[in-house]
There are 2 protein chains.
Amino acid sequence: MAESRSSVGGGSLLVAWQLKDKNVLIVGGGEVASQRIESVLTGDGLITLLAPSKGVHTRTKHLIDTYPDRITYYDRRFSGPAELHKMDMVLTALDDVNRSREICELCRKAKIPVNAADIPDLCDFYFGAQVRDGPLQIMISTNGNGPRMAALMKKKIEGALSGKEGGAIEKVGELRAQLKERAPGVGGPLGRKRMKWMSEVCNTWDIDELTHLDHDTIAKLLDEGWEKNTVPTLDQLLGRSKQICSPRYPAFLSSQWLLATSSFALGAACTVLVLSRRK
Amino acid sequence: MAESRSSVGGGSLLVAWQLKDKNVLIVGGGEVASQRIESVLTGDGLITLLAPSKGVHTRTKHLIDTYPDRITYYDRRFSGPAELHKMDMVLTALDDVNRSREICELCRKAKIPVNAADIPDLCDFYFGAQVRDGPLQIMISTNGNGPRMAALMKKKIEGALSGKEGGAIEKVGELRAQLKERAPGVGGPLGRKRMKWMSEVCNTWDIDELTHLDHDTIAKLLDEGWEKNTVPTLDQLLGRSKQICSPRYPAFLSSQWLLATSSFALGAACTVLVLSRRK
């Protein structure tokens, strides 16, 4: 029923932290700081960056220049507890372990979540390798067993995705929003009916088909599907005859077919050759 | 250099929250609460559970019985701000939206991270679909665009993994720990050398080979590899001749080869048949 006892524990609580318009203090301006800035920008956070300009990496500089409305940069070091005023999160990316430790202690007193790069025991949370495709975000954590393995896992996961998933998820989000407009309200039997119908759409349509959802198709799907309490396929919706599959090239050009026919021809040719020599 | 502007923003900050021996209050005992309990147990958190027994799901009940050292259960409702004393995180899983809202407001005042199931606008963080294999944890978030799509992505990712990744990561963690014992210290040139060597091991050995790392092999790899500033392959380490690949079946049994030879034979046979009829 529950997970087996041996698999419980020893991990982290993986969560999607909400930073929209929250204040995030980043201390340090090196390459790691530039990665932190990108992560916070992904979450639409408002960044205050403290770093003497001589230590600012070109990537960090580029980000400061590109997002002046999101990043407030101060060319100086962390000066004391007053820097934490109104901060919702603090990230340090410093070479100076003692300085990081001091900042973390201040954060803990002020109950502000904090991460100190490369000093796991000071962190309220860790970062991991990440994959992003629009609204789809994937994080890979090896729980401190090596960033290289996380990078390998990231590559494996990227290889398993077609690159169309983000687009499909976006369209499903649009369909869901329009369905909620048609049939509004939170929870209850209607909420359950909505959830069930959305699930069926996602199970019936494949990723590729979901990316075809545009304004007209969504309206048609709601008219012909939701209103009639059914889930038509994309082909049914567009009035096309059902296709078992829709390969990009005609089936007779597939590599298996090519291999078979060319081997057949080669077999025939060799036989003709052998038999003609015998004569 | 940085991400293109269009792909920045609109997401979350995905993090691995550290809960080891932290106090987590869970309010509610239904099915969603049981999922929350499992997530917190994964992170080794200490749970205080508030839920009138009549609403406690069988899964929740099973978890309370299985982890008495981790879960302190009280058969009652949330009574007021005093419940938040010494709590590091609060999760509500209640049908009563107003009750959830009250609890979230108290948490915000006390600066305690909070998640309210099914009420996104009240949450400091969201949960996502998760994959776990020992030290490997993967989270999939669609940023509120539908749990069904997250479940589909989870299936896709599970399909891309062989099930040996967790074991391999564990072994790499052991190798890393033993290397650190041999060559201790934080950062500096030695730290960089360690990191580079570990990276090369992970790039040279595949997942399957990494799972073969045991006590003896690790000692040998450190002796023959680290000490000699090289990275031997598993075959070199075990004194086996190098194999380009080690397929499970001989190559001539592969489906492509079967297809080609049978087509060749069929072509030959047909030709013989046709020619013999002509005579």
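Rules behind the numbers
- Residues numbered from 1 in each chain as written.
- Chains lettered and ligands numbered in written order.
- Predicted model: local features only at pLDDT ≥ 70, side-chain atom pairs only at ≥ 80, totals over all residues.
- Heavy atoms only, no water.
- Helix = DSSP H or I, 4+ residues; strand = E, 2+ residues; numbered from the N terminus.
- Rg over C-alpha atoms; globule rule 2.2 N^0.38 Å.
- Buried < 20%, exposed > 50% of the residue type's maximum accessible area, 1.4 Å probe, protein only.
- Contact = heavy atoms within 4.5 Å.
- Areas by Shrake-Rupley, 256 points an atom, 1.4 Å probe, with all protein chains shown as cover.
- Lys, Arg positive; Asp, Glu negative; His and termini not counted.
- Charge placed at Lys NZ, Arg CZ, Asp CG, Glu CD.
- Pairing = 2+ DSSP bridges.
- Axes fitted to C-alpha atoms, helices over the stretch in contact; angles between N-to-C directions.
- Parallel < 35°, antiparallel > 145°, perpendicular 65-115°, else oblique.
- Left-handed = near helix turned anticlockwise from the far one by under 90°.
- Nonpolar A, V, L, I, M, F, W, Y, C, P; charged D, E, K, R; others polar.
- Least-squares fit on C-alpha atoms with pLDDT ≥ 70 in both.
- Domains from an automatic or database assignment.
- Phe/Tyr/Trp six-rings, centres within 6.5 Å; stacked < 30°, edge-to-face > 60°.
- Lys NZ or Arg CZ within 6 Å of the ring centre and 35° of its normal.

Draft legend 1. Region of interest: the overall build of chain A. Counting its regular elements, chain A contains 10 helices and nine strands. For a compact globule of 279 residues, the expected C-alpha radius of gyration is about 19 Å, and chain A comes in at 28 Å, more than 25% above that figure. Taking the principal axes of its C-alpha atoms as reference, chain A extends roughly 95 × 65 × 50 Å. For chain A, the residues scored as buried account for 43% of the 279 residues in total. Looking at chain A alone, contacts between residues at least 24 apart form 54% of all its contacts between residues at least 6 apart. In the structure as shown, chain A presents an accessible area of about 14,800 Å², 54% of it carried by carbon and sulfur atoms. Measuring between centres, the 38 positive side-chain charges of chain A sit 5 Å from its 33 negative side-chain charges.

Draft legend 2. How the structure looks around the sheet that holds strand 6 (residues 114-116) of chain A. Residue and element names in this part refer to chain A. Across the sheet, five strands lie side by side as 4-3-2-5-6; this open sheet has parallel pairing. Strand pairing shows two members of the sheet lacking a second neighbour, strand 4 (71-74) and strand 6, which therefore form its edges. Each neighbouring strand pair of the sheet contributes to a mean axis angle of 15°, computed without reference to strand direction. Relative to strand 6, strand 5 (residues 89-92) is paired through three bridges, and the arrangement is parallel. Following the sheet pairing, Thr92 is matched in strand 6 by Ala116. The strands that helix 3 (residues 97-109) touches are strand 2 (23-27), strand 5 and strand 6; relative to strand 6, the one it contacts most, it runs at about 170°.

Draft legend 3. Here's a closer look at the packing of helix 6 (residues 188-204) of chain A against helix 8 (residues 215-226) of chain A. Residues and elements named next belong to chain A. Helix 8 packs onto helix 6 with a crossing angle of 115° between their chain directions and a minimal axis gap of 13 Å. It follows that helix 6 is roughly perpendicular to helix 8 by the angle criterion. The element helix 6 and its partner helix 8 pack so that their crossing is right-handed. Only Leu221, Leu222, Gly225 and Trp226 of helix 8 make contact with helix 6, whose side of the interface consists of Leu190, Lys193, Arg194, Trp197 and Val201. In terms of residue class, the contact of helix 6 with helix 8 is made up of six nonpolar, one polar and two charged.

Draft legend 4. Examining the relation of the copies chain B and chain A more closely. If you rotate chain B by 179° and push it 0.4 Å along the axis, it lands on chain A with an RMSD of 0.8 Å. When the rotation and shift are considered jointly, the pair of chain copies conforms to a two-fold rotation axis. Comparing interface residues between copies, 100% of those in chain B also lie at the interface in chain A; the contact surface is shared.

Draft legend 5. Inspection of the domain arrangement of chain A at higher detail. In terms of domains, chain A is made up of domain 1 (23-127), domain 2 (128-161) and domain 3 (165-237). Taking only C-alpha atoms, the centre of domain 1 of chain A and the centre of domain 2 of chain A are 23 Å apart.

Draft legend 6. Highlighting the pairing of strand 8 (residues 129-133) of chain A. Residues and elements named next belong to chain A. Here strand 8 runs beside strand 9 (residues 136-141); their pairing, made up of five bridges, is antiparallel. Residue Ala129 lies in a different strand from strand 9, and its bridge partner there is Ile140. The antiparallel pairing of strand 8 with strand 9 creates a hairpin that spans two residues between the two strands, and Gly134 there sits at a positive phi of about 60°.

Draft legend 7. Geometry of the packing of aromatic side chains. Counting across every chain of the model gives seven aromatic pairs over all chains. When the ring of A:Phe125 is compared with that of A:Phe127, the centres are 5.8 Å apart and the planes differ by 70°; the resulting orientation is edge-to-face. Among the residues examined, A:Phe125 registers a relative accessible area of 0% and is labelled buried. Considering the side-chain rings of A:Trp197 and A:Trp226, the 5.8 Å spacing of their centres and the 75° angle between planes classify their relative orientation as edge-to-face. Separated by 29 residues along the polypeptide, A:Trp197 in helix 6 and A:Trp226 in helix 8 bring together distant segments of the chain. In this structure, A:Trp197 and A:Trp226 share a single accessibility class: buried. Note that B:Arg76 overlies the ring of B:Tyr74, its terminal NZ or CZ placed 5.1 Å from the centroid.

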